[in-house]
Amino acid sequence: MKTVFRKYFVMIGLLVVVSPVFSQIAEDAILFGQYSPIGTARIQAIGGAGFALGGDASAAALNPAGLGFYNRSSIVVTPNAYVRTTNTNYLGASSEVFGNQFNIANFGIVINNTKDDLIPADWRGGSFAVTYNQINSLNFEAEYGSATTGASILDAFAGEANFLVDEFGENFGTIQQRVNNGDIIGFAEAALQNFLIRPDDTGRNFFRSTPDDATTNQAGTISATGNLSQWNFAYGGNYKDKIYVGVSVGFRGFSYELEKEYRETYNYTQQYQDFIDGDNFFYPGGEGRDNVSVDFVDYNQLNEVINISGTGINANLGVIYRPLTELTVGLSYQTPTYYSVRAEEFFDLYSEVVGILEVDDVDQIFNIGDGTGNSGLVQGNQVISEYNLSTPSRTGIGLSYFFEKSGFITLDAEYVNYEANRFSTNENFSVNEVNNDVENLFKSVFNFRAGGEFRYKILRFRAGYAFYDDPTLFPDDRLNRDRTILSGGVGIGLPSFFVDLTVSRTSFDSDFSPYRGAAFIPQENTQTRALLTLGFNF
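Presented here is a report on the structure given in the accompanying data block. Residue positions are given per chain, counting from 1 as you read along its sequence in written order. pLDDT decides what is reported in this predicted model: residues at 70 or higher carry local features, side-chain atom pairs at 80 or more are listed and counted, and totals for whole chains, interfaces and linings draw on all residues regardless. Where side-chain values are given, they derive from all heavy atoms of the structure, hydrogens and water being excluded.

Looking at the overall build of the protein
Worth spelling out the cut-off: Put simply, DSSP H or I for four residues or longer makes a helix, DSSP E for two residues or longer makes a strand, and each gets a number counted from the N terminus. Relative accessibility decides the category of a residue: with a 1.4 Å probe and only protein chains considered, values under 20% of the type maximum give buried, values over 50% give exposed, and everything between is partly exposed. Here a residue-residue contact requires only that any non-hydrogen atoms of the pair lie within 4.5 Å. Exposure was quantified through the Shrake-Rupley algorithm and a 1.4 Å probe, taking into account, for residues, occlusion by the shown protein chains and nothing else.
Counting its secondary structure elements, the protein contains nine helices and 21 strands. Within the span of the protein, comprising 538 residues, buried residues form 53% of the whole. Within the protein, contacts between residues at least 6 apart in sequence are counted, and of these 76% link residues at least 24 apart. As presented, the protein carries roughly 23,600 Å² of accessible surface, and 54% of it is formed by carbon and sulfur atoms.

Here's what the structure looks like:
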């Protein structure tokens, strides 16, 4: 942080931690439990449906029994590029933000040990695979405002104040000592230090330092980066070309960083001059501070940062049965994923205030120099939390029908109980409240994926659709949070080489709150992806 000096203004930067990250919103659990279609371009072109299909490296993560269909070894790599668009409407002010990214969506190597057809055996052998899949991209960008409203973040700060000014006053000028002692400095203390809220005569109730008739101009940005990915080590075998069984172990990793910037400036009416003339200044309260006043709050800015990272493990058991030559039925069960998570959260609160008058020994209390604009700087602490999270198991069933060598159609249905998300920790704080929130905010869902492939000589033409049901139970929620995905692609298949190209489009609604206690802002989101799989058979 840097100390900033501006004449007639006071600017205080405060680096602090509010609380353990997961205590903010239980919805964070969905970041690591909700998937997008995964796998090669071929599988993603058909909507991600793969529970009853084989012969694709994606089977290691979807249904490892599909590895039993291989009769030769293979290696694949799938680069991925996409463009995101987020439209935000905040109190009539619309904004649109574009973002893009390039990464590797899939990589895999499959080693086959199928027995020669000349050797009579019921067990036909199988394949071992090592694959990497990007399960979900956590990247997101949005901006909103500038919009004019009578609401203010200062009201939220005042509502969070739960301390007595007299008790707090003795340490008001020595917050750094409290930080060094490991005390948590919250929004309310930062706002009081920045002259943004004021106490009443009792020192128990707090109000914003601006008059009630002042309006605010609010604007901000949100930027998230991160990736949820998994390595699978899997084996699938073939029994009489009728029953295929498989098992895989998945090692998952993720990193997520969320940065939020919220800025608020103030519009004052003529009545505010009457407010000043009536000596209704902001008095921080407490002995020795009765003559300190704030004439004019110019702006405040809140920057929040959340960093979450961790690793997880799960297992997947699968079976595919072929009752007819043309028909396969697949069943897949993925155990809960058990995560070990490390999280940290902090914020900076800046304000610029005009006309701080000081007398007596106020400089010793507030440490703001001579009152003509010198800045004070308080650096807060940073709390690091380590906890465990288990995301729900997933059970899927699939059907595929093959038109000899002309192609196929396939359908997947998947059940996920999001109420089963659970937090736990060995640290000295309780997770009961957030686990209760999980049960109240989430529900069980069924996801559906469908697609097909048409073959003409060496050419492949594919199309697909996926529907991911909204797992949330927000009251009075009028947004369509269901995610729908349309996809299509083409491919070329040769004996020793194949290449597949897929384009998909995902759309869904979301919302966010710029600060605690503020109204939620609706957003429309679209994401267009392009995937190219290069494969080699050997």
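Alright, that's what it looks like, and here's the rest.
Re the environment of Asn217
Put simply, the rule is: In protein, a polar contact means a hydrogen-donor-capable atom and an acceptor-capable atom, both N or O and within 3.5 Å, with residues adjacent in sequence counting only if both atoms are side-chain atoms; elsewhere, any N or O pair within 3.5 Å suffices.
You can see Asn217 is positioned in strand β8 (residues 215-239). Here the alpha-carbon distance between Asn217 and Asn267, two residues 50 residues apart in the chain, equals 7.6 Å. Within polar-contact distance, the side chain of Asn217 engages the side chain of Asn267 at 3.2 Å.

Section: the side chain of Asp412
Among the structural elements, Asp412 can be located in strand β15 (residues 407-417). Looking at Asp412, its side chain comes within polar contact range of the main-chain nitrogen of Gly50, at 2.7 Å. Within polar-contact distance, the side chain of Asp412 engages the backbone nitrogen of Phe51 at 3.2 Å. Dropping the residues within four chain positions of it, Asp412 is found in contact with Gly48, Ala49, Gly50, Phe51, Ala52, Ile397, Gly398, Asn447, Phe448 and Arg449.

Looking at helix α3 (residues 153-160)
What α3 keeps buried is the set Ile153, Leu154, Ala156, Phe157 and Ala158. Measuring from the backbone nitrogen of Leu154 back to the side-chain oxygen at the start of α3 gives 3.0 Å, which picks out Ser152 as the cap.

Observations concerning the pattern of salt bridges
In plain terms, the rule: Salt bridge, as used here: a side-chain nitrogen of Lys or Arg that lies within 4 Å of a carboxyl oxygen of Asp or Glu.
Evaluation of the coordinates by the stated rule reveals 15 salt bridges. When the shortest N-O distance is used, the salt bridge between Arg208 and Asp155 registers 3.6 Å. You can see Arg208 sitting in strand β7 (residues 206-208) and its partner Asp155 sitting in helix α3, a full 53 residues away along the chain. The exposure class of Asp155 is partly exposed, given its relative accessible area of 39%. Asp412 is the partner of Arg449 in a salt bridge, and the nearest nitrogen-oxygen pair spans 3.6 Å. Of this pair, Arg449 sits in strand β17 (residues 444-456) while Asp412 sits in strand β15, placing them 37 residues apart in sequence. According to the relative accessible area criterion, Arg449 is buried, its value standing at 5%.

Thoughts on unusual backbone geometry
The linkage connecting Gly145 with the following residue, Ser146, adopts the cis geometry, with an omega of 5°. With respect to the helices and strands, the residue Ser146 is situated in strand β5 (residues 140-149). Phi at Leu91 takes a positive value of approximately 55°, unusual for a residue other than glycine. Within the secondary structure, Leu91 is located in the loop between β2 (74-90) and β3 (93-112). Non-glycine residue Glu404 carries a positive phi angle of around 50°. Mapped onto the elements, Glu404 comes out in the loop between β14 (394-402) and β15.

Concerning the packing of aromatic side chains
What counts, and what does not: Think of it this way: a Phe, Tyr or Trp ring, Trp meaning its six-membered ring, pairs with another when their centres are within 6.5 Å, and the plane angle makes it stacked under 30 degrees, edge-to-face over 60, tilted otherwise. We count a charge as sitting over a ring when the NZ of a lysine or the CZ of an arginine lies within 6 Å of the ring centre and within 35 degrees of the ring normal.
Under the defined criterion, the tally for this structure stands at 16 aromatic pairs. Ring geometry for Tyr401 against Phe403: centres 5.1 Å apart, planes inclined by 70°, an arrangement best described as edge-to-face. The class for Tyr401 is partly exposed, based on a relative accessible area of 36%. Judged by relative accessible area, Phe403 falls into the partly exposed class, the value being 42%. Summarising the aromatic geometry, the rings of Phe402 and Phe408 are spaced 5.7 Å apart at their centres and angled 50° between planes, so their arrangement reads as tilted. What links up through ring pairs into an aromatic cluster is the set Tyr90, Tyr144 and Phe512. Stacked on the ring of Tyr299, the Lys or Arg Arg263 has its end atom at 4.0 Å from the ring centre. Above the plane of the ring of Tyr35 lies Arg394, whose end atom (NZ or CZ) is 3.8 Å from the centre.

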